[in-house]
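Chain and residue survey
In case you want the letters, here they are:
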Amino acid sequence: LIFRFRLKRIQEKNEKERLSYRNKLIELEQQSMNASMNRHFIFNALNSIQYFINTEDRHSANKYLTNFARLIRKNLDSATSSGNVVSLAEELERIKLYLSLEKMRFKDRFDYEIRLEEGIDAETINIPAMIIQPFIENSIIHGILPDENKKGKIVINIYTEEGFLVIKIEDNGVGIDESLMIKRGNTEGDHKSKGMEITSKRIELIQKLSEKNIQLQGPFQINRDDGTIKGTRVLIKIPMNKEK
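Note that the structure is predicted; figures quoted are calculated from it, not measured. (Residues numbered from 1 in each chain as written. Predicted model: local features only at pLDDT ≥ 70, side-chain atom pairs only at ≥ 80, totals over all residues. Heavy atoms only, no water.)

Section: the overall build of the protein chain
Along its length, the protein chain carries 7 helices and 7 strands. From first element to last, N terminus to C terminus, the protein chain shows the α and β order α-α-α-β-α-β-β-α-β-β-α-α-β-β. Each of the 244 residues in the protein chain was classed as buried or not, and the buried ones make up 44%. Of all intrachain contacts in the protein chain linking residues separated by at least 6 positions in sequence, the fraction that spans at least 24 positions is 71%. Carbon and sulfur atoms form 49% of the exposed surface of the protein chain, whose accessible area is close to 14300 Å². (Helix = DSSP H or I, 4+ residues; strand = E, 2+ residues; numbered from the N terminus. Buried < 20%, exposed > 50% of the residue type's maximum accessible area, 1.4 Å probe, protein only. Contact = heavy atoms within 4.5 Å. Areas by Shrake-Rupley, 256 points an atom, 1.4 Å probe, with all protein chains shown as cover.)

Here we look at the pattern of salt bridges
Overall, the coordinates contain 10 salt bridges when judged by the stated rule. With its nearest N and O atoms 3.3 Å apart, the salt bridge here joins Glu-93 to Lys-74. Separated by 19 residues along the polypeptide, Glu-93 in helix H4 (residues 88-105) and Lys-74 in helix H3 (residues 58-79) bring together distant segments of the chain. Close ionic contact of Glu-102 with Arg-105 constitutes a salt bridge, the shortest N to O distance being 3.1 Å. Taken together, the residues Glu-102 and Arg-105, both in helix H4 and 3 residues apart, mark about one turn of the helix. Classification of Glu-102 as buried rests on a relative accessible area of 0%. Judged by its relative accessible area of 16%, Arg-105 is buried. Connected through shared salt-bridge partners, Arg-70, Lys-74 and Glu-93 make up one network. (Salt bridge = Lys/Arg side-chain N within 4 Å of Asp/Glu carboxyl O.)

What to know about the pairing of strand E7 (residues 229-239)
The pairing of strand E5 (residues 164-171) with E7 spans 8 bridges and is classified as antiparallel. Residue pairing across strands places Val-166 opposite Lys-237, the latter belonging to E7. As defined by bridge partners, strand E6 (residues 215-223) adjoins E7 across 7 bridges and the pair is classed as antiparallel. Paired with Gln-217 across the two strands is Leu-235, which belongs to E7. Counting the residues between successive antiparallel strands, the hairpin from E6 to E7 contains 5 residues, one of them, Gly-227, with a positive phi of roughly 95°. (Pairing = 2+ DSSP bridges.)

Here we look at the side chain of Ser-48
Checked against the element boundaries, Ser-48 lands in helix H2 (residues 39-54). Here Ser-48 is in contact with Tyr-64 and Arg-105, once residues within four sequence places are set aside.

Points about the packing of H2 against H4
At a minimum axis separation of 10 Å, H2 and H4 run at an interaxial angle of 55°. Between H2 and H4, the crossing angle belongs to the class labelled oblique. Along this stretch, H2 crosses H4, giving a crossing that reads as left-handed. Across from Phe-41, Asn-44, Ser-48 and Phe-52 in H2, the residues of H4 making contact are Tyr-98, Leu-101, Glu-102, Met-104 and Arg-105. (Axes fitted to C-alpha atoms, helices over the stretch in contact; angles between N-to-C directions. Parallel < 35°, antiparallel > 145°, perpendicular 65-115°, else oblique. Left-handed = near helix turned anticlockwise from the far one by under 90°.)

Examining unusual backbone geometry
Here the bond from Gly-218 into Pro-219 is cis, since omega is 5°, no more than 30 degrees from zero. Secondary-structure assignment places Pro-219 in strand E6. Look at Glu-56: it is not a glycine, yet its phi comes out positive at around 60°. Structurally, Glu-56 can be placed in the loop between H2 and H3. For Glu-56, a relative accessible area of 70% gives the class exposed.

Shown next, in the form of structure tokens:
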């Protein structure tokens, strides 16, 4: 009887803890949605559309408006998806829309490339929604844009390694050390850092609820052999599981 009583108390405590984690995760997912479609991004998008209209660049205005509308719809679909989980294919389509908009807004200040390892079925692999964008935002705002003398490059590599789906995000920007120095004197773009912080917390809670070893490594600076700064890298590692 004592053993059963203690077991019941432990089960109740564990269930209460899981419920608390789940509520926190829902709250963070809502914050993640707000961060991905924050007022700065929407205001800048509308400014870009206005600029293309005023310069009578109808093709760019139509292209930007179409992609902006599709991105909003994708974000809303992700927010209402079951368990806030989407297929890798859906998430990559959303990322491509976001990158195309930012490339147009910053007048081709950077190029981007998404590499998907051959053999990966992006339709059947599920990942947490809106988990990649905050790190791409950070690469653009704090890595690439501060260096006006060089064209930026963002490469997203997706491959499998030892049972994990690995999402590697690299840029050729100014690196973390210089970025931190710039940030100290500039309060703009704080919402970008919040997006990464929210995502880190989401990953921690998903680990506790699913007992899956999801890993976030970085952002960290990468250097060339001669010690010069090459850019920044982030790794997201998700256990391969097509069913969950």
